Amino acid sequence: MGKKKATNKGPSQALIDAAKALSFTTDAAQKNSLPKPPPSKDKEELELERLVFGDFSGFQEALREGLDQDDEEEERERAYTGIEGGEGEDDESGIKGNEDLDAVHDDELFFFDTGVPGIEERDAEGDLDLLSGVEDSDDKRVIVSLMSQSRLRKYRETFTDDVVSGTDYIRRLRTQYERVYPVPTWVQSQSQEQESKRRRLKPGHLDITRLPDANLHSPAQSAATSLSFHPMHPILLTSGFDHTLWLYHIDAKTNPPLSSSYIPSVPISTSAFYPDARRVFFSGRRPYYHIWDLEPGSCERIARVFAYGERVKSIEYFKLSPCGSYLTILGAGGQIHILSASTAQWIATAHVDGQAVDFAWYDTGASRLTIANKAGELFEYDLTARAISARWLDEGGVHTSKITLSSGASGDRFIAVGSNSRVVNIYDRTSIIKSTVELGKTLKPIKALGHLVTRIGSLEFSPDGQVLAMASRAKKDALRLVHIPTCMVFSNWPTSATPLGRVEAVAWAKGGGGGGRGEGNVECGE
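Residues numbered from 1 in each chain as written. Predicted model: local features only at pLDDT ≥ 70, side-chain atom pairs only at ≥ 80, totals over all residues. Heavy atoms only, no water.

Q: Pulling in residues and values, what's your account of the overall build of the protein?
A: Looking only at helices and strands, the protein has eight helices and 33 strands in total. Classification of the 526 residues of the protein by burial places 36% in the buried group. Of all intrachain contacts in the protein linking residues separated by at least 6 positions in sequence, the fraction that spans at least 24 positions is 44%. Accessible surface computed for the protein: about 32,800 Å², of which carbon and sulfur atoms make up 53%. (Helix = DSSP H or I, 4+ residues; strand = E, 2+ residues; numbered from the N terminus. Buried < 20%, exposed > 50% of the residue type's maximum accessible area, 1.4 Å probe, protein only. Contact = heavy atoms within 4.5 Å. Areas by Shrake-Rupley, 256 points an atom, 1.4 Å probe, with all protein chains shown as cover.)

So, in structure tokens, the structure goes:
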């Protein structure tokens, strides 16, 4: 029997067959593992995608609309300016547009862009609101004990203060800060100067209103020899030889009396508010003076006043310094005694030649004053150096009777000198303030006023330094108001029909003035 021949496969053939089998298996697996295509999107899903992500067709449509709007605005601008062609074009339309410009008025070619109306005002108001601070409603619910810590006790206003609200605590913190860090003097001077510029008076005509008499319902028994206004409130102080001090509330209607004090032993010749406005100094032809404390209503007598080693025999005429530190008394001969207003202790005595008749403190300096003698000489006294720093003569002055210095925005620049010869000289003290005046030189006044015909008895500058009041008690209706710095007398007031009577004293308030008549009436004007 024939036997089949066995075929032996080599190792290379076996490897080839195995590789083919593996390749077939891999291809089948790849075919089975291919991902299925995603299902088609419905209309709602497509709309949502367009709204969220946008589409190319919507972008082109919005771009086309924007270009159309730009073209419309350009056409409106060309129609407004009368130009049909574009700027810089040399075609016929551009030339025609330029030719049309010749027919346009000059004021129509340009305009000022002031912005949107009301924006600046709203911004300014917003800034003011920010400066005023933001109020927090929680501040009212906060409770602070001022006695809980020692560092908080300084914020108490009374001895019994303890628990306060958050709003009140903030107010006290601000008050303490302003007390420790006050506003600089140069800021105050600038604000005062700006305020004076806004309320600058014009020469020639004066707007004035006659108010009811201050003592209409309580007339005095004698002439009002001294008048003084409260520094902060509309309160007028009057005094006279009837031994009585009166306080009136000037309300421009009835002017009711607030209080009075009767001193039987003193016919009062001089009275004045202390700068803190809580006390009143007054005196007569006596070797003592009194202090009326307004809060408790008590009156204290200051006796045995000594100056320069001797007892002062009469305190008939005195003045308080603007700072409130000094009490200045007109002594005998050429002496001016300077005392401490708080302790009545003697500080210094200024000596001048001849007989001293009047003096005036500098408004801007707490240690300097001007002294006038009867012969028309004026002396500048420096309290710090205890010496006369300058000396000059009043031109044409015969028997000087009254002097006064200006205040307010003008500072101590002007001085008015009155005399028995009825003339009032007004000087510019710039050279005196700068200490450049020669010793004993006669200064030239910027104006010599001879509108009064009798002895000058009252001279007072207004608080802002814009008006000078000059008066004489020797003749009825002898009062004139002078504009500063033009030195022109106001012609419309007072007139011959103004019933002033004999003017004994004149005083200014912040918003008006007052005058004392010899008949005992105290007239007011605003």
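Structure shown, so let's carry the discussion forward.
Q: For helix α6 (residues 166-180), give the residues involved together with the corresponding values.
A: Quick reminder: α-helices carry 3.6 residues per turn. Residues three or four places apart thus point the same way. Between its terminal C-alpha atoms α6 stretches 21 Å, which fits the 21 Å expected from 15 residues at 1.5 Å a residue. By the burial criterion, the buried members of α6 are G166, D168, Y169, R172 and Q176. Down the axis of α6, the buried side of the element spans an arc of 155 degrees, and every buried residue falls inside it. Along α6, the residues that are exposed and aim more than 90 degrees away from the buried face are R174, Y177 and E178. Looking at the buried residues of α6, the elements they touch are β1 (143-145) and β2 (163-165). (Expected span 1.5 Å × (residues − 1). Arc of directions from axis to C-beta.)

Q: Describe the nonpolar core, with residues and values.
A: In terms of nonpolar packing, the biggest core is built from 17 residues, with F281, Y289, V305, L320, L327 and I329 touching the most fellow members. Within the residue set of this core, elements represented by two or more residues are β10 (289-293), β14 (318-320) and β15 (326-330). Every residue in contact with F281, bar those within four places of it in the chain, is listed here: T270, S271, A272, Y274, Y289, H290, I291, F318, L320 and A341. (Core = buried A, V, L, I, M, F, W, Y, C linked by side-chain atoms within 4.5 Å.)

Q: Any chance you could break down the sheet that holds strand β16 (residues 335-340) for me, citing the residues and the numbers?
A: Judged by pairing direction, the sheet is antiparallel, and its four strands sit side by side in the order β14-β15-β16-β17 without closing on themselves. Since the sheet does not close on itself, it has two edges, and those belong to β14 and β17 (346-351), each with one partner. On average, adjacent strands in this sheet sit at an angle of 20 degrees to one another, irrespective of strand direction. Where β16 lies against β17, five bridges are found, and the strand directions are antiparallel. Paired with H337 across the strands is T349, a residue of β17. (Pairing = 2+ DSSP bridges. Axes fitted to C-alpha atoms, helices over the stretch in contact; angles between N-to-C directions.)

Q: Got a sec to walk through the sheet that holds strand β9 (residues 279-284)? Specific residues and values, please.
A: Across the sheet, four strands lie side by side as β8-β9-β10-β11; this open sheet has antiparallel pairing. Where the open sheet ends on each side, the last strands, each with one partner, are β8 (268-273) and β11 (299-302). Ignoring strand direction, the axes of neighbouring strands in this sheet form an average angle of 20 degrees.

Q: Got a sec to walk through the packing of aromatic side chains? Specific residues and values, please.
A: Within this structure, the stated rule accounts for nine aromatic pairs. Between the aromatic rings of Y177 and Y181, the centroid separation amounts to 5.1 Å while the plane-to-plane angle is 45 degrees, which identifies the pairing as tilted. Take Y177 and Y181: they sit in the same class, and that class is exposed. Here Y308 and W346 contribute two aromatic rings whose centre-to-centre distance is 6.1 Å and whose plane-to-plane angle is 70 degrees, an arrangement assigned as edge-to-face. Note that Y308 is positioned in the loop between β12 (306-307) and β13 (310-311) and W346 in strand β17, a separation of 38 residues in sequence. Take W346: its relative accessible area is 37%, and that puts it in the partly exposed class. Taken together, the ring pairs in this structure connect Y274, F281 and Y289 into an aromatic cluster. In this arrangement the basic side chain of R279 is found over the ring face of Y274, its NZ or CZ atom lying 4.3 Å from the centre. It is R429 that lies over the ring of Y362; its NZ or CZ is 4.7 Å from the centre. (Phe/Tyr/Trp six-rings, centres within 6.5 Å; stacked < 30°, edge-to-face > 60°. Lys NZ or Arg CZ within 6 Å of the ring centre and 35° of its normal.)

All we've got here are geometric facts, nothing functional implied.
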